[in-house]
Amino acid sequence: MARPKALKKMVLDLGEFFAEDTIGDLNGQRQRDYAKQRGSQSAARRDLETLAAAINYYVRDMVGGVQTLFRPVLPEAVPARERWLTRSEAASLILAAWRKRCDHDGVEKGRHTSRHIARFILVGLYTGTRAGAICGAALIATIGRGHVNLETGQFRRLAYGKKQNNKRQPTVDLPPRLLAHMRRWERLGISNKAVVEYQGEPVQRVSNGWDGVVEKAGLATEVKELKVIPHTLRHTAISWYLRSGVPVDKVSDYCGVSIQIIKKVYGHHIPGGFDGVVEASGRIGRSATETQQKRLQRT
C-alpha cells in the first residue's frame, strides 16, 4: 500500500464505529450518522467506499454465489477545488520552503526544515503530478514505487507492480529544466533513493511541514476554497499549460487528466474559449435583423 498508516487508521475508525453492527444493520441512517461524526465529507466518502469494498470482497469470495452487492450511502461529493497559483505566488511558496528553519520560541533559526518541500513544489509545478506519485518517485526501479530515470529523462508515475486505475498515471518526458534540477540533486547527494527525501530518507507525505510553508509564504487563509494544499500544484500546472496555449488533448495526456474534466474544471483557462460570447456581447439586446442591417450599412 502507498499509505499503510492512513489505511490502518481508516480501518480502526470504521471498526470503532461499526464494531457491534452486522451488514444488515448498515442502513442509510447508520451510515449518515458515521459521516456526521467523521466531520469531513470527503473523508467519510473514502471510508464508506472502503467499507463497501471490504464487504463486497467478503460476499463474492467468501460467501460465494451471492450476486447482490452492498451499496454504501455516501455524503455528497465535495466540489472540485479550483485554486491555482500565479507565478509570483508559486515563487513565494518555493522561497518560503527553501528558507524555512526550525522554530525556537517563535524565532526561526538553526537547520533548514522544508527544502524537501521546495523540491516537491518544483516537481508538482512542472509536471502536474499527484502528490502521492511525486513522493513515490524513486531514482532506482523499485517494486511499489514510480521511477524517474535520470539518464533517459522519463518519469514513470505508475508504481511497478501496480495496476492502472481510473487515476491515470502516464509515463512522460521531464521538462529539461526540471531534469537538470533532479540531476543536480543526485550529484549533490540531496536525492539518493528518491526524488524527494528528508534527512536521507524518502518522504511519504509533505503534510507535516506544508501549512508552515504556506503561512510563511503569506498564502494562508481560512476560506476553504482558497486554501493552498499540495493538490493545488496539480491545478496550477494544468492551468499554466492551458493558458500557455498547449492543446487540451496534450495537457490531458501529459498530466493524466481526462479531457472532460479539463473542460469542466479548467475551461476558463483555455485561451479563446469564450471568444464567440465576448464578441457577441456588443450585440446584446439587438435582434438578428437589426444586426444584419447594420452590417449591410457598413458595406
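Notes on the structure in this doc start here. (Residues numbered from 1 in each chain as written. Predicted model: local features only at pLDDT ≥ 70, side-chain atom pairs only at ≥ 80, totals over all residues. Heavy atoms only, no water.)

1. Digging into the packing of helix α5 (residues 115-127) against helix α7 (residues 176-187)
Contact pair α5 / α7: the axes reach a minimum separation of 10 Å and the direction vectors enclose 155°. Looking at the two axes, α5 sits roughly antiparallel to α7. The interaxial crossing formed by α5 with α7 has left-handed handedness. Every residue of α7 that contacts α5 at R119, L122, V123, Y126 and T127 is listed here: R177, L178, H181, M182 and W185. A per-class count over the contact of α5 with α7 returns 6 nonpolar, 2 polar and 2 charged. (Axes fitted to C-alpha atoms, helices over the stretch in contact; angles between N-to-C directions. Helix = DSSP H or I, 4+ residues; strand = E, 2+ residues; numbered from the N terminus. Parallel < 35°, antiparallel > 145°, perpendicular 65-115°, else oblique. Left-handed = near helix turned anticlockwise from the far one by under 90°. Contact = heavy atoms within 4.5 Å. Nonpolar A, V, L, I, M, F, W, Y, C, P; charged D, E, K, R; others polar.)

2. Overview of the packing of helix α9 (residues 232-243) against helix α10 (residues 248-255)
Two elements in contact, α9 and α10, have axes whose closest approach is 10 Å; the angle formed by their N-to-C orientations is 150°. In this view, α9 runs roughly antiparallel relative to α10, as classed from their interaxial angle. You can see that α9 and α10 cross each other, and the crossing is right-handed. In this structure, α9 contributes R234, I238, Y241 and L242 to the contact, and α10 contributes V248, V251, Y254 and C255. Partitioning the contact of α9 with α10 into residue classes produces 7 nonpolar, no polar and 1 charged.

3. Remarks on a positive patch on the surface
There is a patch of like positive charges on the surface, built from R3, R46, K162, K167 and R205. Residue class for R3 comes out partly exposed when judged on its relative accessible area of 43%. (Patch = residues over 30% accessible without salt bridge, like charges linked within 9 Å, V, L, I, M, F, W, Y side chains within 5 Å. Areas by Shrake-Rupley, 256 points an atom, 1.4 Å probe, with all protein chains shown as cover. Salt bridge = Lys/Arg side-chain N within 4 Å of Asp/Glu carboxyl O. Lys, Arg positive; Asp, Glu negative; His and termini not counted. Charge placed at Lys NZ, Arg CZ, Asp CG, Glu CD. Buried < 20%, exposed > 50% of the residue type's maximum accessible area, 1.4 Å probe, protein only.)

4. A look at α9
Since the α-helix advances by 3.6 residues per turn, residues separated by three or four positions end up pointing in the same direction. Over its 12 residues, α9 runs 16 Å from end to end, which matches the ideal 16 Å to within 8%, given 1.5 Å per residue. Counting buried positions along α9 gives 10 out of 12 residues, so the element sits mostly inside the fold. Every buried residue of α9 is listed here: T232, L233, R234, H235, T236, A237, I238, S239, W240 and L242. Among the residues trailing α9, G245 stands out with phi positive, at a value near 90°. (Expected span 1.5 Å × (residues − 1).)

5. Topic: the nonpolar core
Within the largest apolar cluster, 47 residues are counted, with the highest numbers of intra-cluster contacts made by L93, V148, M182, V195 and W210. Elements represented by at least two residues in this core include exactly α4 (87-99), α5, α6 (131-135), α7, α8 (207-216), α9, α10 and α11 (259-265). The dominant element in this core, judged by the number of residues it contributes, is α5, at 7 residues. The residues touching V195, leaving out its near neighbours within four places in the chain, are R119, V123, A137, L139, V148, M182 and W185. (Core = buried A, V, L, I, M, F, W, Y, C linked by side-chain atoms within 4.5 Å.)

6. Quick word on unusual backbone geometry
Backbone geometry at Q199 places phi at a positive 55°, although glycine is not the residue there. Position of Q199 relative to the elements: it lies in the loop between β7 (197-198) and β8 (201-202).

7. Some thoughts on the pairing of strand β4 (residues 146-149)
Put simply, side chains in a regular strand alternate between the two faces of the sheet. Pairing of strand β3 (residues 137-138) with β4 involves 2 bridges; the strand directions are parallel. Pairing of A138 across the sheet is with H147, part of β4. One ladder, built from 3 bridges, connects β4 with strand β5 (residues 154-156); its direction is antiparallel. Within β5, the position partnered with H147 by the bridge is R156. (Pairing = 2+ DSSP bridges.)

From the geometry alone we can't say anything about function, so treat these as descriptive.
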